[in-house]
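# What the coordinates show
Chain by chain, the residues:
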Amino acid sequence: MPVWQHTGLTLDCYPKVPAHVSLPWDAADEYLLEHCNHLASISTLLLNDRYGALSCALPHAASYNDSASGRIATQRNRALNSLAEIRFIDSPIAAEQILIKIPKNWEQLLDQLALITALAPTATVYLAGMAKHIPVSWLQWLEKNASRYVQYKIMRKARLIELTPSQSMLTSNDRFKGYQTDSGLSLSALPGVFARQQMDIGTRVMLEHLPNTMAGTVCDLGCGNGLLALSIKQQYPETRVIATDDSLLAVKSTRRNAEVNDLEIDVRYGNILQAVEESLDWIVCNPPFHDGHKQLTNIAEAMFLQSQQHLNPGGTLLVIANRHLAYMAKLKNLFARVNSLSSDKRFVVYQCHKHN
Ligand SMILES: C[S@@+](CC[C@H](N)C(=O)[O-])C[C@H]1O[C@@H](n2cnc3c(N)ncnc32)[C@H](O)[C@@H]1O
């Protein structure tokens, strides 16, 4: 298991990723640790600590992690290093210093800055990430809108910024944004949720290929704003629909969309199907093929495996995927029968039947 030389901690990725593909820490974590205050008497908040590397290095810090699998990773890494379990917070709280691993999504970063500005206007905020993932326009915005701004030089390809927020980082707008579908669904989502302001093309293709009848218990695996789950409930009111996602922002958005559209579905927060104990007749899935900035199919593959295990005999998994991902062989290893319902230059809809 990898040992982080910088801290002596033993850390692992969860879901498991080979060490040559990804390590559970990076140079941006090291840069943050070199500059922040390590005293337990200084209240510290961590944002977006993917595998819990910072949480292990600063065990007294509170942590906000949107991802259910990120929370599992953190608990596992804390246990590996004989640290007590952490109680995660479900939205940022006030602290004297706040360490932010810069997320991939700019709107999500702006939202997090607005939340912490309202809660902790005098906090020292450190932001770090790999330099190639931080556009200059982001740095310019931060410099213009912070009341104090220090940009450190790039070290080991990582970038560190130290700032004090200012009132201009507050956003007065509604945090939810979205769109209407042709079928009359009103969808909105929090910053960072997939396809927040317009329907993903792949999801549209999947909607066009839903079967003529659907019955029993259906699960939308990786539900995002809940578009697939809500469309199914709208089209087949007799089905029981469960929607689940690893992202708390997605889960909150789907719950709100169910309420706004007056459709009764169960929305669960968890890694893959961890929060779904029911056995299922149908699973629909538009799986992720990135984890942070890395293109990885390990989560999609784990979704296929758990889907096979959760389906009733005779049950069906429908998957929409980019053609270049070539999932056919992987699905054929798991399911009795796999065919493609549709295939064009960009997307394939796979229909996978579990044996009776
Ligand atoms: C490509 S998006 C699809 C969202 C939505 N179904 C749609 O079609 O618009 C993939 C979704 O999978 C979720 N996801 C990523 N990793 C996951 C995991 N380990 N378990 C469950 N959901 C996950 C993401 O948060 C994201 O909402």
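Quick notes on the rules
- Within each chain, residue numbers correspond to sequence positions counted from 1 in written order.
- Selection of residues for local features in this predicted model requires a pLDDT of at least 70, selection of side-chain atom pairs for listing and counting requires 80 or more, and totals for whole chains, interfaces and linings are taken over all residues.
- The secondary structure listing takes helices from DSSP runs of H or I that are at least 4 residues long and strands from runs of E that are at least 2 residues long, numbered from the N terminus.
- The reference for a compact globule is 2.2 Å times residues^0.38; the radius of gyration itself is calculated from the C-alpha atoms.
- In this scheme every C-beta is placed from the backbone, and a residue whose C-beta has 20 or more other C-beta atoms within 10 Å is buried, one with 12 or fewer is exposed, and one in between is partly exposed.
- Think of it this way: build a C-beta for each residue from its backbone, and any pair within 7 Å is a contact.
- Connectivity within a nonpolar core runs through C-beta atoms within 7 Å, and the core itself is a set of buried Ala, Val, Leu, Ile, Met, Phe, Trp, Tyr and Cys residues.
- Each residue receives a C-beta atom built from its backbone; the residue is near a molecule or strand if that atom lies within 6 Å of it.
- Only Asp, Glu, Lys and Arg are considered charged in this grouping, and only Ala, Val, Leu, Ile, Met, Phe, Trp, Tyr, Cys and Pro are considered nonpolar; every other residue, Gly among them, is considered polar.
- Strands were regarded as paired on the criterion that DSSP finds at least two bridges between them.
- Inter-axis angles, ranging from 0 to 180 degrees, are taken between N-to-C directions of lines fitted to C-alpha atoms, where helices are fitted over the stretch in contact.
- Domain delimitation follows an automatic or database domain assignment.
- Orient the strands so they point away from the viewer; a crossover is then right-handed if the path from the first strand over the helix to the second runs clockwise.

### Digging into the overall build of the protein chain
In terms of regular secondary structure, the protein chain is built from 10 helices and 19 strands. Relative to the 2.2 N^0.38 estimate, which gives 21 Å for 356 residues, the radius of gyration of the protein chain is 21 Å and therefore close to what a compact globule would have. Within the protein chain, the fraction of its 356 residues that count as buried is 44%. Long-range contacts, defined here as pairs at least 24 residues apart, represent 65% of the contacts in the protein chain between residues at least 6 apart.

### Focus on the nonpolar core
Counting residues in hydrophobic clusters, the biggest one holds 53 residues, and the most contacted among them are Ala229, Ile265, Ile283, Val284, Val319 and Tyr350. The element contributing the most residues to this core is strand β17 (residues 311-322), with 6 residues. Counting 44 residues, the second-largest nonpolar core is a separate cluster that includes Tyr14, Ala62, Ala120 and Ile134.

### As for unusual backbone geometry
Along the chain, Tyr14 connects to Pro15 via a cis peptide bond; the corresponding omega equals -5°. Position of Pro15 relative to the elements: it lies in the loop between β2 (9-10) and α1 (27-35). Backbone geometry places Lys157, a non-glycine residue, at a positive phi of 70°. Relative to the assigned elements, Lys157 resides in the loop between β7 (148-151) and β8 (158-164). For Ala326, which is not a glycine, the phi torsion comes out positive at approximately 45°. Structurally, Ala326 can be placed in the loop between β17 and α10 (328-334). According to the C-beta neighbour criterion, Ala326 is exposed, with 11 such atoms within 10 Å.

### Considerations on the site of the ligand
The immediate surroundings of the ligand are formed by 19 residues, with Thr203, Gly222, Gly224, Asp246 and Asn286 found nearest. Here the residues of the shell around the ligand sort into 9 nonpolar, 7 polar and 3 charged.

### Structural notes on helix α7 (residues 227-235)
When you tally the buried positions in α7, you get 7 out of 9 residues, the bulk of the element. Packed against the buried residues of α7 are β10 (186-189), α6 (201-208), β11 (217-221), β12 (240-245), α8 (248-260) and β14 (280-285).

### Looking at the sheet that holds strand β3 (residues 44-47)
One open sheet accounts for 6 strands, arranged β4-β3-β5-β6-β8-β7; its pairing is mixed. Two strands close off the open sheet at either side, each with one partner strand: β4 (62-64) and β7. The average undirected angle you get between the axes of adjacent strands in this sheet is 15°. One ladder, built from 4 bridges, connects β3 with strand β5 (residues 97-101); its direction is parallel. Looking at the pairing, Leu45 lines up with Ile98 of β5.

### Some words on the domain arrangement of the protein chain
Under the domain assignment used here, the protein chain contains domain 1 (3-169) and domain 2 (177-353). The C-alpha-based centres of domain 1 and domain 2 are spaced at 30 Å. Counting residues at the interface gives 18 residues for domain 1, matched by 16 residues for domain 2. Going through the elements one at a time, α3 (68-80) and α4 (106-119) are the ones with two or more residues in the side of domain 1 that touches domain 2. Of the residues forming the side of domain 1 that touches domain 2, the biggest block, 4 residues, is contributed by α4.

### Details of the pairing of strand β13 (residues 266-269)
The alternating pattern of β13 places Val267 and Tyr269 on a buried face and Asp266 and Arg268 on a face that is not buried. By the bridge criterion, 4 bridges tie β12 to β13 in an arrangement that is parallel. The partner of Ala243 across the bridge, within β13, is Val267. Tracing the backbone out of β12, into α8 and back to the parallel element β13 gives a crossover that is right-handed.

### A word on the pairing of strand β19 (residues 347-353)
With 5 of 7 residues buried, β19 lies mostly within the body of the structure. As paired strands, β17 and β19 are joined by 7 bridges and run antiparallel to one another. If you follow Leu317 over to β19, its bridge partner there is Cys352. Note that strand β18 (residues 337-343) and β19 share 6 bridges and pair antiparallel. Residue pairing for β19: Asn339 is matched across the bridge by Gln351. Counting the residues between successive antiparallel strands, the hairpin from β18 to β19 contains 3 residues.

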